[in-house]
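Breakdown of the fold
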Amino acid sequence: MPSMIDLLKEFASNSKQWFYQEPEKRYELVKNNYQFFQSFFTKEKLENASWEELQQIGNHLHTLKTLPIARGNAFGRPNHELNYYRQQFINLLNNNIPLQERINTFKLAYFGSNSLGELLGYLFPNKYAIFNQRSGAALEILNIPMEIKRGEDFSEKFINFNKALTPLRQAYAEVVTAQTDLPLNLEIDQFLSWVEEKKANIQPTEPICWAVGADWGRDQGIQISRFLEKGIWEDGYGASGKETNKHLLESVEENNILVLKSSTTIGPGHQTPMTIIKNIGIVQSKNNWWSFNVKWMDLPTLPYKVEGKSFRKTIEKIKDTAFLDLIKRLINGDTKFLKSPIVTIPHFPLNQILYGPPGTGKTYHTVIKALEIINNRPFTEQETTKEKYDNELLPEFNRLKKQGQIQFLTFHQNYSYEDFMVGIRPDLQNGQISYKLYEGPFKQIANRARKDSNNNYVLIIDEINRGNISKIFGELITLIEEDKRAGNKHELSTPLLYHKDEENEFSVPNNLYLIGTMNTADKSIALVDIALRRRFVFEEMMPNAALLNKVEGFDLPNWFAKLNQKITAELDRDHQIGHSEFMKIETLADLQQQFYQWLLPLLKEYFYGNPEKLQEIIPGFTSEEKLEGEAFKTALECLIK
């Protein structure tokens with residue numbers, strides 16, 4: 001394989017063509033993106049950016065621009081409040097905060113690590129180079145070592161990648177020299193792209209690929225976790241002394257690729273075959289004819305669902321050219337040209353919490369999010385209208401809840417680990433008390449998910465912040481972490497309370513998703529157990545006046561917005577009024593009833609003992625007298641004059 005210096009010399013002789021000639025004209029593309037981010041990403045512009053202006057970000061990131069579906073998910077419509085987007089991007093620019101902290105606190109729906117790694121490279125090109133799956137793969141080709149730590153997150157990978165580039169930067173400046181007026185790190189990124197594109201020529205022979213299974217039957221079950229942990233793959237028949245697949249296994253050689261998979265059927269009547277690619281590895285050596293040492297890859301594109309193709313045997317040579325091309329693209333992190341029927345499984349956070357003031361639709365949206373997870377795809381706006389929700393989504397949610405694929409519960413102050421996970425409960429039979437082992441809702445749904453690995457399961461925890469998290473979760477607070485889940489790289493298991501034998505060690509399956517809701521009027525997010533905050537993705541849900549309509553000539557949306565502005569100024573944003581309480585109001589009589597029966601008592605509670613502040617919040621209501629008709633409407637309008 002050519003050395004780094006050899007490849008730099010070859011790139012130097014081809015750099016003008018690479019940067020300036022058709023069809024790519026890469027210099028113009030990169031220059032345009034670079035100028036956009038340097039111009040647009042200032043604190044002043046971001047603070048006032050409109051949604052349409054923020055959408056332009058998706059047109060200047062290669063990771064999103066070339067994948068319309070990904071760009072549509074990230075910037076097709078707002079996934080958060082506009083101010084949330086602004087603040088997330090402003091925080092990235094704050095050099096007073098360590099870079100690692102800025103990266104770890106950056107959370108936007110459908111804005112993945114590859115996009116963030118590209119954005120950081122454009123924002124700070126004098127310090128950092130763009131980091132994504134492609135550039136990481138190029139380092140391996142160049143034989144440049146990159147420090148890898150067990151369990152490291154993206155921020156650590158980004159920093160370690162840029163440290164590893166130091167010798168390449170020096171060599172590039174000496175061998176290639178500057179070919180454009182772009183910052184050096186952006187030229188380095190183009191060199192890495194060139195290296196990755198040249199990879200096929202660097203590796204002239206196509207490796208043989210095998211589809212292999214991991215199910216050893218009812219007695220021993222799925223072996224994926226063991227295979228990945230020990231860096232092996234073994235044929236279950238051979239391990240039990242049978243020579244069922246011996247002729248194929250003896251054909252497997254070093255450097256062959258193993259595609260660890262499971263196969264099933266889906267759709268109406270289960271007529272459509274489907275394969276889920278769990279992992280991809282390279283055979284390093286053979287212990288014997290049925291046991292191999294394998295270097296399993298850590299690919300962010302996996303697991304990957306392939307509809308229309310199935311491998312039902314324990315080991316099978318892959319001959320389908322389209323599938324072989326897919327494997328190469330998955331290894332290279334390139335899904336740009338993938339077409340139906342091959343579809344990726346969208347990434348949903350395994351643990352997420354919807355938080356905001358009461359009445360902002362948190363519980364409502366748990367229904368939608370649960371069904372998106374079950375169906376392995378985000379829903380379109382047309383699929384989540386109020387009519388669709390009432391007539392299709394909610395009935396389907398209740399059906400799945402009844403059959404056990406979705407479970408819903410509410411935390412409260414007396415809720416315990418024994419209620420949630422496992423405990424001992426008294427049982428009265430014929431006047432005699434005995435004590436029986438009780439499995440709580442978490443243990444029950446985890447067991448169901450473990451037995452049905454081809455489907456996703458969802459546990460919804462309403463009012464999650466009202467419970468004592470440390471007391472309720474116990475050891476689960478560690479086991480629910482993504483990398484600690486069963487089948488993942490750093491899988492952990494632990495003996496359960498009331499179980500002493502090792503066979504009853506428990507781990508959380510990778511297809512069990514947790515969705516929590518949190519009312520910030522009860523507790524600010526800053527006061528939430530830090531262990532919970534580290535393990536959950538938090539999505540803010542705030543009041544939305546645009547969802548309300550005028551009522552008999554009264555500007556309810558404007559009044560609602562002004563009311564929440566007053567509450568935020570006098571109290572805080574966590575105690576704002578939710579829009580859901582006003583969405584069914586059609587007449588002034590409806591509004592009057594809602595005002596006196598719900599809103600006024602709530603505001604009196606918020607400003608208990610401070611009537612002057614209450615008068616500032618709702619001017620026009622000066623006594624205990626109940627206003628009606630035009631007098632009520634006139635009093636309301638005092639707030640928006």
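Rules of the game
Residues numbered from 1 in each chain as written. Predicted model: local features only at pLDDT ≥ 70, side-chain atom pairs only at ≥ 80, totals over all residues. Heavy atoms only, no water. Helix = DSSP H or I, 4+ residues; strand = E, 2+ residues; numbered from the N terminus. Rg over C-alpha atoms; globule rule 2.2 N^0.38 Å. Contact = heavy atoms within 4.5 Å. Areas by Shrake-Rupley, 256 points an atom, 1.4 Å probe, with all protein chains shown as cover. Lys, Arg positive; Asp, Glu negative; His and termini not counted. Charge placed at Lys NZ, Arg CZ, Asp CG, Glu CD. Pairing = 2+ DSSP bridges. Axes fitted to C-alpha atoms, helices over the stretch in contact; angles between N-to-C directions. Core = buried A, V, L, I, M, F, W, Y, C linked by side-chain atoms within 4.5 Å. Buried < 20%, exposed > 50% of the residue type's maximum accessible area, 1.4 Å probe, protein only. Parallel < 35°, antiparallel > 145°, perpendicular 65-115°, else oblique. Nonpolar A, V, L, I, M, F, W, Y, C, P; charged D, E, K, R; others polar. pLDDT = per-residue confidence, 0-100. Phe/Tyr/Trp six-rings, centres within 6.5 Å; stacked < 30°, edge-to-face > 60°. Polar contact = N/O pair within 3.5 Å; in protein donor to acceptor, adjacent residues only side chain to side chain. Salt bridge = Lys/Arg side-chain N within 4 Å of Asp/Glu carboxyl O. Left-handed = near helix turned anticlockwise from the far one by under 90°.

It is worth spelling out the overall build of the protein chain at this point. On a plain count of helices and strands, the protein chain comes out with 30 helices and 15 strands. What you see for the protein chain is a C-alpha radius of gyration of 29 Å, in line with the 26 Å of a compact globule of 641 residues. For the protein chain, the share of sequence-separated contacts (at least 6 apart) that also reach a separation of at least 24 residues comes to 67%. Surface summary for the protein chain: the accessible area is close to 32,300 Å², and the carbon and sulfur share equals 47%. Across the protein chain, 75 positive and 82 negative side-chain charges occur, with their mean positions spaced 3 Å apart.

Further remarks concern the sheet that holds strand 10 (residues 406–410). One open sheet accounts for five strands, arranged 10-13-14-9-15; its pairing is parallel. Unpaired on one side and paired on the other, strand 10 and strand 15 (537–540) mark the two borders of the sheet. Between one strand axis and the next, the sheet turns through 20° on average, direction left out of account. The pairing of strand 9 (residues 351–356) with strand 15 spans four bridges and is classified as parallel. Within strand 15, the residue paired with Leu354 across the bridge is Glu539. Relative to the sheet, helix 20 (residues 362–375) contacts strand 9, strand 10, strand 13 (457–462), strand 14 (512–519) and strand 15, its axis offset from that of strand 14 by approximately 170°.

Formed by 63 residues in total, the largest nonpolar core has its most connected members in Ile57, Phe89, Leu168 and Phe191. When near neighbours in sequence (up to four residues on either side) are disregarded, Leu168 contacts Met4, Leu8, Leu142, Ile144, Ile188, Phe191 and Leu192. Counting residues in each nonpolar core, the second largest holds 33 residues, with Leu479, Leu496, Leu512 and Leu532 among its members.

Moving on: the packing of helix 11 (residues 154–164) against helix 12 (residues 166–175). At their nearest, the axes of helix 11 and helix 12 sit 4 Å apart, and the two run at 40° to each other. Considered as vectors, helix 11 and helix 12 are oriented oblique to each other. Of the residues in helix 12, those in contact with Asn162, Lys163 and Ala164 of helix 11 are Thr166, Pro167 and Arg169. Classifying every residue of the contact of helix 11 with helix 12 by side-chain character gives two nonpolar, two polar and two charged.

What follows concerns helix 10 (residues 133–141). Summarising burial for helix 10: eight of the nine residues are buried, a large majority. All of the buried residues in helix 10 are Gln133, Arg134, Ser135, Gly136, Ala137, Ala138, Leu139 and Ile141. One or two residues past the end of helix 10 sits Asn143, with phi positive at roughly 60°.

Before going further, it helps to examine helix 11. Of the residues making up helix 11, those classed as buried are Phe154, Ser155, Phe158, Asn160, Phe161, Asn162 and Ala164. For helix 11, the secondary structure elements touched by its buried residues are helix 8 (99–104), helix 9 (113–123), helix 10, helix 12 and helix 13 (184–197).

In this section: the confidence of the model for the protein chain. When pLDDT is averaged along the protein chain, the result is 84; 91% of the residues meet or exceed 70. The model gives residues 336–345 a pLDDT under 50, and that stretch makes 18 contacts with residues more than four places away or in other chains.

You can see Leu228 is positioned in helix 16 (residues 224–230). Placed 159 residues apart in sequence, Leu228 and Ile69 show a C-alpha to C-alpha distance of 31 Å. If near-sequence neighbours (up to four positions away) are discounted, Leu228 is found in contact with Leu260, Asn279, Trp296 and Gly487.

It is worth spelling out the packing of aromatic side chains at this point. In total, this model carries 46 aromatic pairs according to the counting rule given. Judged by centre distance (3.9 Å) and plane angle (15°), the ring pair of Tyr364 and Tyr389 falls under stacked. With Tyr364 in helix 20 and Tyr389 in helix 21 (residues 386–403), this residue pair connects regions lying 25 residues apart in the sequence. Ring centres 6.1 Å apart and planes at 75° place the aromatic pair Phe582 and Trp598 in the edge-to-face group. Placement of Phe582 in the loop between helix 27 (556–570) and helix 28 (588–606) and of Trp598 in helix 28 is noted, with a sequence separation of 16 residues between them.

Our next topic: the side chain of Glu539. Inspection of the secondary structure assignment puts Glu539 in strand 15. Its relative accessible area of 14% is what places Glu539 among the buried residues.

With respect to the helices, strands and loops of the structure, Arg26 is situated in helix 2 (residues 26–40). A relative accessible area of 15% means that Arg26 is categorised as buried. Within the structure, the side chain of Arg26 is placed 3.0 Å from the backbone oxygen of Trp18, a separation counted as a polar contact. In this structure Arg26 touches Trp18, Phe19, Gln190 and Glu197, once residues within four positions along its chain are discounted.

Further remarks concern the pattern of salt bridges. Pairing is possible between side chains of opposite charge, provided their charged atoms come close. In the structure shown here, the tally under the stated rule is 17 salt bridges. As a salt-bridge pair, Arg134 and Asp189 come within 2.8 Å of each other at their nearest N and O atoms. Of this pair, Arg134 sits in helix 10 while Asp189 sits in helix 13, and the two are 55 residues apart along the sequence. Judged on exposure class, the residue Arg134 and its partner Asp189 are both buried. Where Lys157 meets Asp298, a salt bridge forms, and the shortest distance between an N and an O atom there is 4.0 Å. Of the two residues, Lys157 is situated in helix 11 and Asp298 in the loop between strand 5 (291–296) and strand 6 (304–307); the sequence distance between them amounts to 141 residues. Put simply, Glu481, Asp483, Lys484 and Arg535 are held in one network by salt bridges that share partners.

Looking now at the packing of helix 28 against helix 30 (residues 629–637). The axes of two packed helices give the description: the angle between them and the distance between them. One can describe the packing of helix 28 onto helix 30 by two numbers: an axis separation of 11 Å at closest approach and a directional angle of 65°. As judged from the angle between their axes, helix 28 and helix 30 are roughly perpendicular. In the packing of helix 28 onto helix 30, the handedness of the crossing is left-handed. In this structure, helix 28 uses Leu588, Leu591, Gln592, Phe595 and Tyr596 to contact helix 30, whose residues at the interface are Gly629, Phe632, Lys633 and Leu636. For the contact of helix 28 with helix 30, a count of residues per class yields six nonpolar, two polar and one charged.

Turning our eyes to something else, we now look at the pairing of strand 9. Among the six residues of strand 9, six are classified as buried, and the element is accordingly described as predominantly covered. With burial as the criterion, each face of strand 9 is covered, one bearing Asn351, Ile353 and Tyr355 and the other bearing Gln352, Leu354 and Gly356. Both strand 9 and strand 14 contribute to a ladder of six bridges, which runs parallel. Each bridged residue has a counterpart across the sheet, and for Ile353 the counterpart in strand 14 is Gly516.

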